[in-house]
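# Coordinate analysis (summary)
Next come the chains, spelled out residue by residue.
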Amino acid sequence: CRRTRGQSPWMSKKRVHLYRWILPLCCHGGGFLTSVWLFPNVGNQAPETSENEVWRKDGDKVDLAEQSLLNKIIRRSLVRNRNQVEVLQRDPSSPLYSVKTFEELRLKPELLKGVYNMGFNRPSRIQENALPMMLAQPPQNLIAQSQSGTGKTAAFSLAMLSHVNTANKWTQCLCIVPTYELALQIGQVIEQMGKFCPDVKMAYAIRGNRMERGTKLQEQIVIGTPGTVLDWCTKYRHIDPKKISMFVLDEADVMIATQGHRDQSIRIHRMLTKDCQMLLFSATFEDSVWRFAEQVVPDPNIIRLKREEETLDTIKQFYVLCKEKEDKFTALCDLYGCLTIAQAMIFCHTRKMASWLTTNLIKEGHQVALLSGEMTVEQRAAVIERYRNGKEKVLVTTNVCSRGIDVEQVSLVVNFDLPMDMDGNADNETYLHRIGRTGRFGKRGFAVNMVDSKHSMDIINQIEMHFNRRIKKLDMSNLDEIEFLQS
Ligand code: ADP
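Conventions adopted
Residues numbered from 1 in each chain as written. Predicted model: local features only at pLDDT ≥ 70, side-chain atom pairs only at ≥ 80, totals over all residues. Heavy atoms only, no water. Phe/Tyr/Trp six-rings, centres within 6.5 Å; stacked < 30°, edge-to-face > 60°. Helix = DSSP H or I, 4+ residues; strand = E, 2+ residues; numbered from the N terminus. Buried < 20%, exposed > 50% of the residue type's maximum accessible area, 1.4 Å probe, protein only. Lys NZ or Arg CZ within 6 Å of the ring centre and 35° of its normal. Core = buried A, V, L, I, M, F, W, Y, C linked by side-chain atoms within 4.5 Å. Domains from an automatic or database assignment. Contact = heavy atoms within 4.5 Å. Expected span 1.5 Å × (residues − 1). Arc of directions from axis to C-beta. Salt bridge = Lys/Arg side-chain N within 4 Å of Asp/Glu carboxyl O.

## Thoughts on the packing of aromatic side chains
- Evaluation of the coordinates by the stated rule reveals six aromatic pairs.
- Residues Tyr431 and Phe467 carry aromatic rings whose centres are separated by 6.1 Å and whose planes lie at 35 degrees to one another, so their mutual orientation is tilted. On the criterion of sequence distance, the pair formed by Tyr431 in helix 16 (residues 428-435) and Phe467 in helix 17 (residues 454-467) is long-range, its members being 36 residues apart.
- Residue Tyr431 is classed as buried on the basis of its relative accessible area of 0%.
- Sitting over the ring of Phe196, Lys113 keeps its end group 4.3 Å from the ring centre.

As structure tokens, then:
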């Protein structure tokens, strides 16, 4: 893609980089968020708030947009998934095409070159079915759901680049996403993939990008957030919605969790013509997402790839009886002394506990990384990157921060605080998710739970019953036993 300059909202790479760091500081509206980005409040137990956050049943708040962005930033490759793709065709009698190679898609040679240049050898599981549908003539609508990291962004980026008629100097493909950071991430994918397509141009409809009212955009692809896109279509008339022939709505689940975005998306959708191809993507698919998807995508084909189940089969689970946090800390240090631990992840309930533990582990001479809620997404990504590269062997984290992060080489997971819901019961789902980080890909893993009260012992019992797996007591006074367990 070639950049346009002057008044154009297209941003150079340098500026994009600048925006990623500066915009959060100056544009993140809303008083509290601004203070979060500007003045980190280390050790504060109060949960952060932002418009994208949802409450979980355990009382934690999860910022879906941040989580999604973090995943995008840190992800380097496709997520492994051996499940079959489920395809529901609008017209079951029409043949179902799937491709095993990018050549079969008959892409423009310069686009194919861009795809290979990104290191993509063959379509991912979801792409095998989604790409032929997205590129079909006459156009077909699509709703696609699969977990983060399975190749959705790459798929619709390719579809948009392929769809563009470069002879036409107006916006033809419109992609809306929940936040401008996500817009920039997608823009980077399109820029990379379209590297050898010099006539395709792209613009960002995100706040801060301004043009004179009435100026018509010449860029064929526009990526933006619903509010700005709506303004550009109505108030400023930069985009003629009637000329849009491909509409992509990404991160539908995050979109509808964000105040106002749902209605803005529907308003944008209403301005498009009936012939416009509608594509909607989501990592999850609750009823609310489904209801929204049905409103935005008429007569859809549906593609779903179920998340691969996490399993406890290769994980040895233990608990250690302790009195209070100092005792838990000692147990942790003893464990470290005995086990040959490649990398460990330690989960705490609060930021305060995580920061206390980190400080003490560092005092003991451990190299520790701390992932904490008050950090910006970029800071978190940097911490995860260092940990992944083995610069730190221990990652201390609160639950909220760590959700969705894949680090493959974890050999020990420690629940310094056990996962529980708001009613004080075992949070089995979180437990599985936490300890599922160890014992992956045929490797053996260890999970150690710190039990410091009768209540936490009850939680261990509930977890044992739920998964029908024994959690063995670990005798910290018998170090030989611990070493034996490793073998
Ligand atoms: P999603 O949008 O589902 O989160 P992405 O499209 O961002 O997934 O892809 C996840 C990661 O996999 C990215 O690093 C991307 O570059 C890579 N990727 C996507 N498609 C392919 C492919 N066909 N072959 C190899 N890597 C791919």
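## Some points on the nonpolar core
- Core analysis: the largest hydrophobic core is formed by 78 residues, its most contacted members being Met134, Leu158, Met160 and Ile221.
- Taken domain by domain, the makeup of this core includes at least three residues from each of domain 1 (13-305) and domain 2 (309-484).
- The contacts of Met134, once residues within four sequence positions are left out, are Leu142, Ala155, Phe156, Ala159, Met246, Gln277, Leu279 and Phe281.
- Judged by nonpolar contacts, the second largest core, of 33 residues, contains Ile176, Ala203, Met211 and Leu230.

## Notes on helix 17
- In a regular helix each residue adds 1.5 Å, so 14 residues correspond to 20 Å; helix 17 covers 20 Å between its end C-alpha atoms and thus fits that length.
- Where helix 17 is concerned, the buried positions are Ser456, Met457, Ile459, Ile460, Ile463 and Phe467. Burial along helix 17 is one-sided: seen end-on, the buried residues are contained in an arc of 155 degrees. The exposed set on the far side of helix 17, more than 90 degrees from its buried face, consists of Lys454 and Met465.
- Lining the buried residues of helix 17 we find strand 11 (315-321), helix 16 and strand 16 (445-451).

## A look at the pattern of salt bridges
- Tallying each qualifying case throughout the model produces eleven salt bridges.
- With its nearest N and O atoms 3.0 Å apart, the salt bridge here joins Glu66 to Arg380. Taken together, the positions of Glu66 in helix 3 (residues 64-74) and Arg380 in helix 14 (residues 377-388) put the pair 314 residues apart, joining distant regions of the chain. With respect to class, Glu66 is no different from Arg380; both count as buried.
- Between Lys72 and Glu251 there is a salt bridge, with the nearest N and O atoms lying 3.5 Å from each other. Here Lys72, found in helix 3, pairs with Glu251, found in the loop between strand 8 (246-249) and helix 9 (252-257); they are 179 residues apart in sequence, far enough to count as distant.
- Taking relative accessible area as the criterion, Lys72 reaches 23% and is therefore assigned partly exposed.
- The class of Glu251 is buried, set by a relative accessible area of 8%.

## With respect to unusual backbone geometry
- Each neighbour pair has its own omega, and for Gln137 with Pro138 the value is -5 degrees, a cis peptide bond.
- Examined against the element boundaries, Pro138 turns out to sit in the loop between helix 5 (125-135) and strand 4 (142-146).
- The phi angle at Asn468 is positive, at roughly 55 degrees, despite the residue not being glycine.
- Within the secondary structure, Asn468 sits in the loop between helix 17 and strand 17 (472-473).

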